[in-house]
2 protein chains.
Amino acid sequence: MQPIEQVLAQLPAEIVTRDPDIIAGYATDFRRQHTGRTPALLRPRDTAEVQRIVRACAAAGVALVPQGGNTGYCAAATPSDSGQDLLVSLERMNRLRDLDPGNLSLTAEAGMILAEIQHAADDAGLLMPLGLGSQQSCRIGGNLSTNAGGLSVLRYGMARDLVLGLEVVLPDGSLFSDLSPLRKNNAGYDVKQLFLGAEGTLGIITAVSLKLARKPRQTVTAFLAIQDIASLATILGMAQEQTGEMVTSFEYLSDRSLQLLLSARPEPRHPLSAPGPHYVLLEAATASPVLNLEDTASALLEQLFEEGLVSDGAIAASGQQRAAFWTLRESIPEAEVHHGGSVKHDVAVRSSRLAEFIQAASAIVAREAPDAILSVYGHVGDGNVHFNILAPAGSDQPGFKRSLEASVSPLIYDLAALMEGTFSAEYGIGQVKRDLLARHAPAGKLALMRALKQALDPRDLMNPGKVIPHG
Amino acid sequence: MQPIEQVLAQLPAEIVTRDPDIIAGYATDFRRQHTGRTPALLRPRDTAEVQRIVRACAAAGVALVPQGGNTGYCAAATPSDSGQDLLVSLERMNRLRDLDPGNLSLTAEAGMILAEIQHAADDAGLLMPLGLGSQQSCRIGGNLSTNAGGLSVLRYGMARDLVLGLEVVLPDGSLFSDLSPLRKNNAGYDVKQLFLGAEGTLGIITAVSLKLARKPRQTVTAFLAIQDIASLATILGMAQEQTGEMVTSFEYLSDRSLQLLLSARPEPRHPLSAPGPHYVLLEAATASPVLNLEDTASALLEQLFEEGLVSDGAIAASGQQRAAFWTLRESIPEAEVHHGGSVKHDVAVRSSRLAEFIQAASAIVAREAPDAILSVYGHVGDGNVHFNILAPAGSDQPGFKRSLEASVSPLIYDLAALMEGTFSAEYGIGQVKRDLLARHAPAGKLALMRALKQALDPRDLMNPGKVIPHG
């Protein structure tokens, strides 16, 4: 019997799917740029079944690709085209195991959809602070495996920062289980850190205990037009000072990104009468019912006007208007797809140098690809910008983008490196950025990554071909 | 030539000390319970010298013990009594390499004293949020190697949570260097996490980039008397709600701990007229000059009185009074030493079960050692309590404490484990808690720890005999 058949023969029939029509939806990545092949899709229902799968694979020498909601940008959850990797979806493991309001924590299985975790927290009067554009379909195990960032990192941190406990099936099928939702635990190495951001290459996360926060009772959302991009850092600083670090989101949009969006859909309309070359969506929130956040925000806005840092601005007067502001920000990726897709650069630098990066990178594009369209937006409060480049309307889009990737992208990444920045602030590596990692990894990092992989998964059966650069 | 002499012969004479009088101060731990022996103390002046030391040791098969400020509670930085380990103090590497107010970050060498980092941040109008009782002498490399907690974890997190970048000399003498102070970086495994909390067993941290916070413009400090310890969680919840999560410290003291302290020193006096069996030192702070924190705190205190949750309380009216409140909290360990020392239990459980733990552990002591004196205090806002037991005055102190350690401590730790808690919330393992780790480690953890140690330091030359339990 072939090794793959040996594995499948040991598993309950209900968790094995060989139907190519069903498999197809799982074997192509979210951006539809990578399609792999797999002989079977496995959908375990509990941790013990994940262990059975991994043990059987370890015994037969068969490789595995774990998958959550399949919303990643780097094809980390897409099988290779060898047709030799089994695909393991965690989607059936979607139970809430525990919610403890008095401890501000919950424990969820890896396949739980992020929005469902948010709802569970909300029902308990609390906040699950991780927020992502893909939250209706991404699953928490994938969020952890990619150390997802998103819309409120400024206040609450990355996915890693929310993890109190973790349960992981290791490459030999054994279990690491430490789900105690403790705020402090220095009892030995914090081994759970290994698996956060490892994109399934060191084991399969099956459950997690997460920190929750108190639910905001007041939220203020403002949309600001800015003339000089160099003012961003000053504006954020003033907002943090005035509100006492209550800023939850500080999102940047270039006017070009906004125009791209407005031309692609009828709603919402432009929120300001006087367009600026740059915009910020600023949101601050507090659990306090007594502190006056609205007055604080109004005073801040007035000061920003007076000092000439903001040329126009509006504070959302209703939940509907707040939602409209957010739609503007969150629909940019969709508008890029509508245009024909973009070449994405997920860069972070020091906040103090972000404007300088955007200006220098824009100059590179103006020089190397003057016809290209820039779509620049992102979580600038974290020093993170999505510096995306689109082909001009009417051009040979695939050809233009290939040419951008070959000639412009390396210059953008070299610029980021020169400024001590990163080529992957939040998207991860997957199969897409391994060469970039090989080129830009800091001293000693690749050797350490390989040593870890070798120590935990010496036969390279967990998500092979992902994250770790070629030999 | 002996291996140790081979190593020393390769090093600059200025960094080698063989004087036993000098060495003595480094070879005994902070609590004076462990004294080791070493043929020489090495005090490198820069990262390149650390690499020279580690390379020479790797070549000769000589073991190393790294040391920061020597303020740990678990003797992790104390050499064994084999006399075969070289002691490496990082104290001469105490430079500030970078401070970037616009990025809210700084880069410091590992030997910089925590208080000096705090001063540097303060001089730049910012806050270094890590605060420890030992901050006048502990060094940041040690704080990171033990993932120190301290007095404002509730708001700012543990040492780990403040780290943006790290530089580490690995066991083969090579360098891992990634000091870019980025808020977000998902470019491959986050390998720096390995070394945080590893107590020098996987390499020597030589520099770090740290997150800073905005400096508080308003601080409110209250000292509250509480009749029912079960109210602690409710009081913290109300304080967090009212202040919008601005609480920086929520520290518990039992009346017995306070009495121990007041009997040991003339100042400060008891801050309240009506003593309660329990006290909380609550501090909230904000960078905002406009939000009214004082009114918020007064309203909170009024509500706590009205609901009968607090029986007496005072808000510090001056910086002097605030300092006095803090002296009460921070002098307890010293009062315990003055009494003759204590048997310490550094436990954390879920915040929602902390009162239950304290009550059940107290019942164990009342049953097993009715003469013993309890000193219970700690960072209860994080679910962390220092449940310490003292011998009665006039008793055979060393004998009584040995008996407590043999008969009562295991019961306390078993209770913590039964409640999903930890036996080492913030102190670490060192050489003191290895057996506890062997007994209480969650499923799969020890195997992972051993795999990591084997992968990075296969010859066990980095701080041998620490953290990892015996085979």
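Thresholds applied
Residues numbered from 1 in each chain as written. Chains lettered and ligands numbered in written order. Predicted model: local features only at pLDDT ≥ 70, side-chain atom pairs only at ≥ 80, totals over all residues. Heavy atoms only, no water. UniProt positions renumbered as here; feature names shortened; annotations may be inferred. Helix = DSSP H or I, 4+ residues; strand = E, 2+ residues; numbered from the N terminus. Rg over C-alpha atoms; globule rule 2.2 N^0.38 Å. Contact = heavy atoms within 4.5 Å. Areas by Shrake-Rupley, 256 points an atom, 1.4 Å probe, with all protein chains shown as cover. Lys, Arg positive; Asp, Glu negative; His and termini not counted. Charge placed at Lys NZ, Arg CZ, Asp CG, Glu CD. Axes fitted to C-alpha atoms, helices over the stretch in contact; angles between N-to-C directions. Nonpolar A, V, L, I, M, F, W, Y, C, P; charged D, E, K, R; others polar. Pairing = 2+ DSSP bridges. Salt bridge = Lys/Arg side-chain N within 4 Å of Asp/Glu carboxyl O. Buried < 20%, exposed > 50% of the residue type's maximum accessible area, 1.4 Å probe, protein only. Parallel < 35°, antiparallel > 145°, perpendicular 65-115°, else oblique. Left-handed = near helix turned anticlockwise from the far one by under 90°. Least-squares fit on C-alpha atoms with pLDDT ≥ 70 in both. Core = buried A, V, L, I, M, F, W, Y, C linked by side-chain atoms within 4.5 Å. Domains from an automatic or database assignment. Buried area = accessible area lost by both parts, 1.4 Å probe. Polar contact = N/O pair within 3.5 Å; in protein donor to acceptor, adjacent residues only side chain to side chain.

- An unreviewed UniProt entry lists chain A under the name FAD-binding oxidoreductase, with Paracoccus yeei as the source organism.
- Database annotation for chain A, UniProt heading Sequence similarities (unreviewed entry): "Belongs to the FAD-binding oxidoreductase/transferase type 4 family."
- Looking at chain A in UniProt, the text filed under Cofactor (unreviewed entry) is "FAD".

1. Describing the overall build of chain A
1) Next: Helices and strands together make up the secondary structure of chain A, namely 16 helices and 18 strands.
2) Next: Rg of the C-alpha trace for chain A: 23 Å, near the compact-globule value of 23 Å for 471 residues, within the 12% margin.
3) Next: C-alpha extents for chain A along the principal axes are approximately 75 × 55 × 45 Å.
4) Next: Within chain A, contacts between residues separated by at least 24 positions form 74% of all contacts whose residues are at least 6 apart in sequence.
5) Next: Of the roughly 16600 Å² of accessible surface on chain A, a fraction of 49% belongs to carbon and sulfur atoms.
6) Next: If you average the places of the 40 positive and of the 51 negative side-chain charges in chain A, the two averages end up 6 Å apart.

2. Quick notes on the packing of helix α13 (residues 397-407) of chain B against helix α14 (residues 409-418) of chain B
What describes two packed helices is the angle between their axes and the distance between those same axes.
Residue and element names in this part refer to chain B.
1) Next: The N-to-C vectors of α13 and α14 enclose an angle of 35 degrees; their axes lie 4 Å apart at closest approach. Judged by residue contacts, Leu404, Glu405, Ala406 and Ser407 of α13 engage Ser409, Pro410 and Leu411 from α14.
2) Next: Broken down by class, the residue content of the contact of α13 with α14 amounts to four nonpolar, two polar and one charged.

3. Topic: the sheet that holds strand β5 (residues 96-100) of chain A
Residues and elements named next belong to chain A.
1) Next: In space, the five strands of this open sheet follow the order β5-β6-β10-β8-β9, with antiparallel pairing throughout. Because the sheet does not close on itself, it has two edges, and the strands there are β5 and β9 (175-178). Averaged over all pairs of adjacent strands, the angle between their axes in this sheet comes to 15 degrees, without regard to strand direction.

4. What about the pairing of strand β5 (residues 96-100) of chain B?
Residue and element names in this part refer to chain B.
1) Next: Examined bridge by bridge, β5 and strand β6 (residues 105-109) share four bridges and lie antiparallel to one another. Residue Asp100 lies in a different strand from β6, and its bridge partner there is Ser105.
2) Next: In this antiparallel pair of consecutive strands, β5 and β6, the connection spans four residues, and Leu104 shows a positive phi of 50 degrees.

5. Focus: the UniProt feature "domain: FAD-binding PCMH-type" (unreviewed entry) in chain A
1) Next: As recorded in UniProt, the sites labelled "domain: FAD-binding PCMH-type" (unreviewed entry) are residues 34-215 of chain A.
2) Next: The span residues 34-215 of chain A is 19% helical and 25% strand by assignment, and the distance between its end C-alpha atoms comes to 39 Å.

6. Section: the pattern of salt bridges
1) Next: In total, this model carries 50 salt bridges over all chains according to the counting rule given.
2) Next: Asp98(A) serves as the salt-bridge partner of Arg350(B), at 3.0 Å between the closest nitrogen and oxygen. Of this pair, Arg350(B) sits in the loop between β16 (346-348) and α12 (354-368) while Asp98(A) sits in strand β5, on two different chains.
3) Next: The class of Asp98(A) is partly exposed, set by a relative accessible area of 23%.
4) Next: The closest approach of N and O atoms between Arg155(A) and Glu245(B), which form a salt bridge, is 3.7 Å. Placement of Arg155(A) in helix α6 (residues 153-156) and of Glu245(B) in the loop between α7 (232-243) and β13 (247-254) is noted, with the two residues assigned to different chains.
5) Next: For Glu245(B), a relative accessible area of 19% translates into the label buried.
6) Next: Shared partners join several salt bridges into a network, and the residues in it are Arg95(A), Arg97(A), Glu109(A) and Glu167(A).

7. Topic: the packing of helix α8 (residues 255-264) of chain B against helix α11 (residues 332-339) of chain B
All names here are of chain B.
1) Next: For the pair α8 and α11, interaxial distance at closest approach is 9 Å and the crossing angle is 70 degrees. Taken as axis vectors, α8 and α11 run roughly perpendicular relative to one another. Both α8 and α11 take part in a crossing whose hand is left-handed. Note on element contacts: α11 touches α8 through Ile332, Ala335, Glu336, His338 and His339, opposite Ser257, Leu260, Leu261 and Ala264.
2) Next: Residues belonging to the contact of α8 with α11 are distributed by class as follows: five nonpolar, three polar and one charged.

8. Looking at the relation of the copies chain A and chain B
1) Next: Under the fitted operation, chain A is carried onto chain B by 0.0 Å of movement along the axis and a turn of 180 degrees, and the coordinates agree to an RMSD of 0.0 Å. Taken together, the turn and the small shift mark the pair as related by a two-fold rotation axis.
2) Next: A high fraction, 100%, of the interface residues of chain A reappear at the interface in chain B, so the copies pair face to face through one surface.

9. Points about the nonpolar core
1) Next: Residues Phe195(A) and Phe195(B) are the most contacted members of the largest nonpolar core, which totals 138 residues.
2) Next: Once residues within four sequence positions are removed from consideration, Phe195(B) is found in contact with Leu448(A), Leu144(B), Ser145(B), Leu166(B), Val168(B), Leu170(B), Phe176(B), Leu202(B), Gly203(B), Ile205(B) and Leu456(B).

10. Concerning the domain arrangement of chain A
Residue and element names in this part refer to chain A.
1) Next: Split into domains, chain A comes out as domain 1 (3-89), domain 2 (96-214), domain 3 (216-331) and domain 4 (340-427).
2) Next: Carbon and sulfur atoms supply 67% of the area that domain 1 and domain 2 bury against each other, a total of about 1200 Å² over both sides.
3) Next: Linking domain 1 to domain 2 there are zero salt bridges.
4) Next: Linking domain 1 to domain 2 there are three residue pairs in polar contact (both at pLDDT 80 or more).
5) Next: Taken together, the residues of the side of domain 1 that touches domain 2 break down into six nonpolar, five polar and one charged.

11. A look at the environment of Lys211(B)
Residues and elements named next belong to chain B.
1) Next: Positionally, Lys211 belongs in strand β10 (residues 204-211).
2) Next: Judged by its relative accessible area of 27%, Lys211 is partly exposed.
3) Next: Taking C-alpha positions, Lys211 is 6.4 Å from Leu164, a pair spaced 47 residues apart along the chain.
4) Next: Those residues within four positions of Lys211 in sequence are excluded, and the remaining contacts are Leu104, Pro129, Asp161, Leu162, Leu164 and Arg183.
5) Next: Looking at Lys211, its side chain comes within polar contact range of the main-chain oxygen of Asp161, at 3.1 Å.

12. Topic: the side chain of Ser331(A)
1) Next: Here Ser331(A) lies in the loop between α10 (319-330) and α11 (332-339).
2) Next: Among all residues touching Ser331(A), those that are not within four sequence positions of it are Leu261(A) and Arg265(A).

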